[in-house]
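Descriptive analysis of the structure
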Amino acid sequence: MPQQVMFTPAALDEPWGQQILERVQSLNLPIIELPRNRLTGLRGEDERKTYDIAKRTFAVVTAPPSQFKLSPIPPSADWQFHIAEGCPAHCQYCYLAGSLSGPPVIRTFANLPQILNNLSIFERPGQATTYEVSCYTDPLGIEHLTGSLAECIRYFGTRSDAHLRWVSKFDEVDSLLDLPHNGHTHCRMSVNAAPVSGRFEGGTASVASRLGALRKLADSGYPVGLVIAPIMPIDDWQVHYSRLFDSISEALDFNCNLTFELISHRFTPSSKEVLQTWYPHSKLDMDEEKRSIKRNKFGGTKYVYDADTMNIMKRFFQGEIQQRFPNAKILYWT
C-alpha cells in the first residue's frame, strides 16, 4: 500500500482515472490532487531519501504520446506496451535502474482505453501478434489499486490474433481467475533460488506463494510459465536451483501449458551506479573484473558472465527442464 496517491488533473478527466480514484478511496489511502499535470514533492535531501519518498508514492497520470509508439521486445514478445511504470518491489538487482529517468515513483496511466485501442495498428491480418505488458513495472503488484491488468486480459480475450504476456513476483491473482481470457493471456511468475530471492528480492511475495498463484492461474485455463531470473552462479548454485525445480515440480504436478524463460544476471554501468545509491549495503556481486563485456547495436555496454560460465549454466538448466518437464518449452536463454 502506498503512503500517498497523487492524481494529475488530466488523469481525473479520464473515466479510467475516476475508476482508479474509487479504488483508492475505498482503501482509505491519502490522496493528493495536483494543481498541474506534473509530479512534485518527490525529491529528498539526498538520493536515498528521494528513493524512499518515490517508492512510497503512487501517481495516476496520463500516458504521453511517446507511449503510443510501441517498441519491439525480442525475445519476449513482438511488442511492448505500458499501463504503468515504476515498481513497488525492492529488488536489489532491479532492471529498471538506469532505464527510467527521475525518482522511481510508481506511475499508472489513466488513459488505458486509448492505450488498448492503439494496439491494433501494430498487427497484420491473420498473423498472431504478442504483446508484453509493462516490463517497467510489476502489473500484478499494483492491480489492487488499478484493475488495469484485468482490463487488459478482458480486452485480449476478445481478440482473435493478439496475445498478452505479463510477469510478476507477487501472488494476489484471485481477481484474475474468472476473467474471459480465452487462453490469450500468458501468465508467468519470476522465480529464483532461495539464497537469491531471500537476499535480493525485498517487498515481494515468497517464491512458494508465487508458485501457488501460478497453479491457480493454470487451473483457470491460462497458459503459464516461469521466468527464472536473474540466474547467478552463487555458492552451490546447482544445489539451490535444483531445489527450486523441486518446488516447481511440486506446485505444477499436472500437465499444463508450461514455458520457461532463462535470464542470467547482467548490469550496465548506469544501472550499477543507481543501484549502489538505492541499496548502498547490498551484497550483490557487480564486479566488472569478473564479467565479460557485451555491446548492443546502439553501442550500449552490459556486463555478463564469461562464456564458459554461461555455457555451464545453460546446460544445467536445459538438462533439468528437459528431465523434469519434458513437455515444457524453453523460450530462450540469455
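Described below are features of the structure shown in this document.

A closer look at the overall build of the protein chain
- When helices and strands are tallied, the protein chain shows eleven helices and 17 strands.
- Computed over its C-alpha atoms, the radius of gyration of the protein chain comes to 20 Å, within 12% of the 20 Å expected for a compact globule of 334 residues.
- With the C-alpha coordinates aligned to their principal axes, the bounding extent of the protein chain is approximately 55 × 50 × 40 Å.
- Per-residue burial over the protein chain gives 52% buried out of 334 residues.

A short note on unusual backbone geometry
- The omega torsion of the bond from Pro74 to Pro75 falls at 0°, within 30 degrees of zero and hence cis.
- The topology assignment puts Pro75 in the loop between strand 4 (71–73) and strand 5 (77–81).
- In this chain, Ala229 is followed by Pro230 through a cis amide linkage whose omega measures -15°.
- For Pro230, the location among the structural elements is in strand 13 (residues 224–231).
- Although it is not a glycine, Asn28 sits at a positive phi angle of roughly 60°.
- Residue position: Asn28 is located in the loop between helix 2 (15–26) and strand 2 (31–33).

Topic: the pattern of salt bridges
- With the rule as written, the count across this model stands at 15 salt bridges.
- Linking Arg188 and Glu132 is a salt bridge whose minimum nitrogen-to-oxygen distance equals 3.1 Å. You can see Arg188 sitting in strand 11 (residues 185–191) and its partner Glu132 sitting in strand 9 (residues 129–133), a full 56 residues away along the chain. For the pair formed by Arg188 and Glu132, the shared burial category is buried.
- Arg154 is paired through a salt bridge with Glu151; the nearest N and O atoms lie 2.9 Å apart. With Arg154 and Glu151 both in helix 6 (residues 148–157) and three residues apart, the pair spans about one turn of that helix.
- We classify Arg154 as partly exposed; its relative accessible area is 33%.
- With a relative accessible area of 25%, Glu151 lands in the partly exposed category.

Considering the nonpolar core
- Counting residues in each nonpolar core, the largest one holds 103 residues, and the members touching the most others are Phe81, Trp166, Tyr241 and Phe260.
- Residues contacting Phe260, with those up to four places away along its chain left out, are Leu226, Ile228, Phe245, Ile248, Ile321, Phe325, Ala328, Lys329, Ile330, Leu331 and Tyr332.

Observations concerning the sheet that holds strand 4
- Pairing is mixed across the open sheet formed by eight strands, whose spatial order is 4-5-9-10-11-13-14-17. With partners counted over all chains shown, the strands left at the sheet margins are strand 4 and strand 17 (329–333), one partner each. Direction aside, neighbouring strands of the sheet carry axes that sit 30° apart on average.
- The sheet contacts of helix 11 (residues 307–324) involve strand 13, strand 14 (258–264) and strand 17, and relative to strand 17 the element is tilted by about 170°.

A few points about the packing of helix 9 (residues 237–251) against helix 11
- Where helix 9 contacts helix 11, the two axes come as close as 11 Å, and the packing angle between them is 25°. Between helix 9 and helix 11, the angle falls in the class roughly parallel. Helix 11 is crossed by helix 9, and the crossing has right-handed handedness. In contact with Trp237, Gln238, Tyr241, Ser242, Phe245, Asp246 and Ser249 of helix 9, helix 11 contributes Ile312, Met313, Phe316, Phe317, Glu320, Ile321 and Arg324.

Definitions and cut-offs
Residues numbered from 1 in each chain as written. Predicted model: local features only at pLDDT ≥ 70, side-chain atom pairs only at ≥ 80, totals over all residues. Heavy atoms only, no water. Helix = DSSP H or I, 4+ residues; strand = E, 2+ residues; numbered from the N terminus. Rg over C-alpha atoms; globule rule 2.2 N^0.38 Å. Buried < 20%, exposed > 50% of the residue type's maximum accessible area, 1.4 Å probe, protein only. Salt bridge = Lys/Arg side-chain N within 4 Å of Asp/Glu carboxyl O. Core = buried A, V, L, I, M, F, W, Y, C linked by side-chain atoms within 4.5 Å. Contact = heavy atoms within 4.5 Å. Pairing = 2+ DSSP bridges. Axes fitted to C-alpha atoms, helices over the stretch in contact; angles between N-to-C directions. Parallel < 35°, antiparallel > 145°, perpendicular 65-115°, else oblique. Left-handed = near helix turned anticlockwise from the far one by under 90°.

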